[in-house]
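Residue-level structural notes
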Amino acid sequence: METIIKKLDGSEKDREVLREAGEMIRRGDLVAFPTETVYGLGGNGLNPSSSRAIYAAKGRPSDNPLILHIADREELLPLVREIPPAAEKLMEAFWPGPLTLIFKKSELVPKETTGGLDTVAVRMPSHPGAAALIRAAGVPIAAPSANTSGRPSPTCAEHVYQDLRGRIPLILDGGECEIGLESTIVDISRRIPEILRPGRIGLAALRQLLGTVSVDPAVLGKPDEKTAPRAPGMKYRHYAPQVPLTLVAGPDEKRAEYICEAARRAAEAGEKTGALICRETLPLYQAEAGDHLLLIPLGARSRPEETAHSLFGTLRHLDECGLSHVYSETFDEGPLGPAIMNRLRKAAAFDIRDLSES
Ligand code: TXA
Ligand code: MG
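For every chain, the first residue of the written sequence is number 1, and numbering continues from 1 along that sequence. Each chain gets a letter, beginning with A, and each ligand a number, beginning with 1, in the order they are written. Reporting in this predicted model follows two pLDDT cut-offs: at least 70 for local features of residues, and 80 or more for side-chain atom pairs to be given and counted; totals over whole chains, interfaces and linings ignore these cut-offs and use all residues. To get the side-chain values, take all heavy atoms of the structure and skip hydrogens and water.

1. Some thoughts on the overall build of the protein
Looking only at helices and strands, the protein features ten helices and 16 strands. Exposure is judged per residue with a 1.4 Å probe applied to protein chains only, and the accessible area is read against the type maximum: over 50% gives exposed, under 20% gives buried, and values in between give partly exposed. Here the protein holds 358 residues, and 55% of them are scored as buried. In the protein, the proportion of contacts linking residues at least 24 apart, taken out of those at least 6 apart, comes to 68%. Only the protein chains shown count as cover for residues, and the accessible areas themselves come from Shrake-Rupley with a 1.4 Å probe. In the structure as shown, the protein presents an accessible area of about 15300 Å², 51% of it carried by carbon and sulfur atoms. Between the mean site of the 44 positive side-chain charges and the mean site of the 49 negative ones, the protein shows a separation of 5 Å. The helix count covers DSSP runs of H or I at least four residues long, the strand count covers runs of E at least two residues long, and both are numbered beginning at the N terminus. Contact criterion: two residues are considered in contact whenever any of their non-hydrogen atoms come within 4.5 Å of each other. Under this rule, positive means Lys or Arg and negative means Asp or Glu; His and the chain ends count for nothing. In this description, the location of a charge corresponds to atom NZ of lysine, CZ of arginine, CG of aspartate or CD of glutamate.

Have a look at this one:
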């Protein structure tokens, strides 16, 4: 199958492009499209065979449920059994935007879309192209991130093309995604709302609105039998580059020394090391940088939104740099810290060296 890329650039032509793309989705084809978080791989969310096609195109396990994307509040009612008061508050405050809510599902939503669960994830994206596509399709759009399963989520059309070329007919290119990390997922189908995946809308903002909010333990730690994540997708190896990645926590000077020393040792074996660092600590590494140590800045610590924005693109880029090992600083600061660290811990397969005590 040939994969065509069509631009969404805010011009008059968008209307026709979106009309055709909406038509394709309604009749069962798949279309990748931009949102404010990451690119989605969209299909008709009410059509079981569209959902099966999404799993096949991504190489995704079919027990991993999809998010339904809607453009207007009226579209929610037919999809869910009830709308709890906590959901009303969250939708009022954060929709449209990077927040996905888990509801008890109605009969209308096929089990194929929800990976067999009797709950359904719903999100109303704020990206104008995404909203226009949903309206053009006239059905809720089921869309996971438009990457091959296990790869970092795509934040531009080129990433989608790298992963899904030849597997889907159309990619809508709306440029780079503003946020660069996937939506926050909150389960409001239970008594105490719970964060299943951290995103730009953080715990503090949610608590301010709802009072008590819990965090799925799997968000922070390595999943094991006891902490099987409640969002099925969070149990899979994810975001991982081919090259081994180690996170290094602790004081800035100490970890710069540790990483530079590791790079020197690797250089003796003829190997090249990479370091994901922030702009503020760059001077600590500069003396060592060279053929054996590649410095890869991940934005400034004072501007975590830059780090979030560039993270997935950087993780994709790592495998093209001829590195034998990559070390990364930790990026815990600010409200985006938990979301960034959640992705980095998974990308590192939970390989973390903590220098705080030693
Ligand atoms: O920002 C986003 O949410 C992007 C854009 C495209 O909207 N989508 C996205 O979808 O990240 P995906 O499929 O890559 O991640 C959805 C996550 C998975 O971890 C899945 O297991 C979880 O949401 N999920 C979906 N439905 C669920 C449900 N009913 N209960 C618990 N977790 C659910
Ligand atoms: Mg995904």
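2. Thoughts on the packing of helix H9 (residues 304-318) against helix H10 (residues 337-347)
In this analysis an axis means a line fitted to C-alpha atoms, helices contributing only their contacting stretch, and an angle means the value between N-to-C directions, from 0 to 180 degrees. As a packed pair, H9 and H10 sit with axes 10 Å apart at the nearest point and diverge in direction by 25°. In terms of axis orientation, H9 runs roughly parallel to H10. When you trace H9 past H10, the crossing you get is left-handed. When H9 is examined against H10, the residues Pro304, Thr307, Ala308, Leu311, Phe312 and Leu315 are found in contact with a partner set consisting of Ile340, Arg343, Leu344 and Ala347. We call Asp, Glu, Lys and Arg charged. Ala, Val, Leu, Ile, Met, Phe, Trp, Tyr, Cys and Pro are nonpolar, and the rest, Gly among them, are polar. Class assignment for the residues of the contact of H9 with H10 results in eight nonpolar, one polar and one charged. Each angle is binned into one of four classes, with values under 35 degrees roughly parallel, values over 145 roughly antiparallel, values of 65 to 115 roughly perpendicular, and all other values oblique. Here a crossing is called left-handed whenever its near helix is offset anticlockwise from the far helix by less than a right angle, and right-handed whenever the offset is clockwise.

3. A closer look at helix H7 (residues 252-268)
Here, expected helix span is obtained from the residue count minus one, scaled by 1.5 Å. Helix length check: H7, at 17 residues, gives a terminal C-alpha distance of 25 Å against a target of 24 Å (1.5 Å per residue), a fit within 8%. Three or more residues of H7 are buried, namely Arg255, Ala256, Ile259, Cys260, Ala262, Ala263 and Ala266. Each buried residue of H7 sits inside an arc of 160° when the element is viewed along its axis, so together they form one side. Facing away from the buried side of H7 by more than 90 degrees, the exposed set consists of Glu253, Glu257 and Glu268. Within two residues after H7, Gly270 carries a phi angle of roughly 75°, on the positive side. Throughout, the arc means that of the directions going from the helix axis to the C-beta atoms.

4. Quick word on the pattern of salt bridges
If the charged atoms of two oppositely charged side chains come close together, the side chains can form a pair. One speaks of a salt bridge when a side-chain nitrogen belonging to Lys or Arg is within 4 Å of a carboxyl oxygen belonging to Asp or Glu. Considering all chains together, one arrives at 28 salt bridges under this definition. The residue Asp187 makes a salt bridge to Arg230 at a minimum N-O spacing of 2.6 Å. One end of the pair, Asp187, is in strand E9 (residues 184-187); the other, Arg230, is in the loop between strand E11 (214-215) and strand E12 (245-249), and 43 residues separate them in sequence. With relative accessibility at 3%, the residue Asp187 sits in the buried group. When the shortest N-O distance is used, the salt bridge between Arg264 and Glu288 registers 2.4 Å. With Arg264 in helix H7 and Glu288 in the loop between helix H8 (282-285) and strand E14 (293-297), the pair connects residues that are 24 residues apart, well separated along the chain. Overlapping salt bridges, with partners in common, bring together Asp252, Arg255, Arg301, Glu329 and Glu333 in one network.

5. Some points on the domain arrangement of the protein
Looking at the protein, the domain boundaries give domain 1 (4-219) and domain 2 (245-354). It is Pro152, Leu181 and Pro198 that lose the most area in domain 1 upon contact with domain 2, and together they represent 37% of the buried surface on that side. Taken together, domain 1 and domain 2 are joined by two salt bridges. The salt bridge partner of Arg316 is Asp163, with a shortest N-O separation of 3.0 Å. Any N or O atom pair separated by 3.5 Å or less is treated as a polar contact, with the protein-specific requirement of one donor-capable and one acceptor-capable atom, and with residues adjacent in sequence counted only for side-chain atom pairs. Applying the counting criterion to the domain 1 and domain 2 interface returns eleven residue pairs in polar contact (both at pLDDT 80 or more). Split into classes, the residues belonging to the side of domain 1 that touches domain 2 amount to eight nonpolar, eight polar and seven charged. Domain extents, as shown, originate in an automatic or database domain assignment. Two parts placed together each lose some accessible area; with a 1.4 Å probe, that loss summed over both constitutes the buried area.

6. A look at unusual backbone geometry
Of note, the bond from Trp95 into Pro96 is cis; its omega dihedral lies within 30 degrees of zero at -10°. By the secondary structure assignment, Pro96 is in the loop between helix H3 (85-94) and strand E5 (99-104). Although it is not a glycine, Ala349 adopts a positive phi angle of roughly 50°. Here Ala349 shows up in the loop between H10 and strand E16 (352-354). Of note in this structure, Phe350 is not a glycine but carries a positive phi near 65°. Judged by its relative accessible area of 25%, Phe350 is partly exposed.

7. Quick look at the pairing of strand E13 (residues 273-277)
Extensive coverage of E13 is indicated by the burial of five of its five residues. Sheet analysis places E13 next to E14, joined by five bridges and oriented parallel. Note that in E14 the partner of Ile277 across the bridge is Pro297. In this analysis, strands are considered paired if DSSP registers two or more bridges between them.

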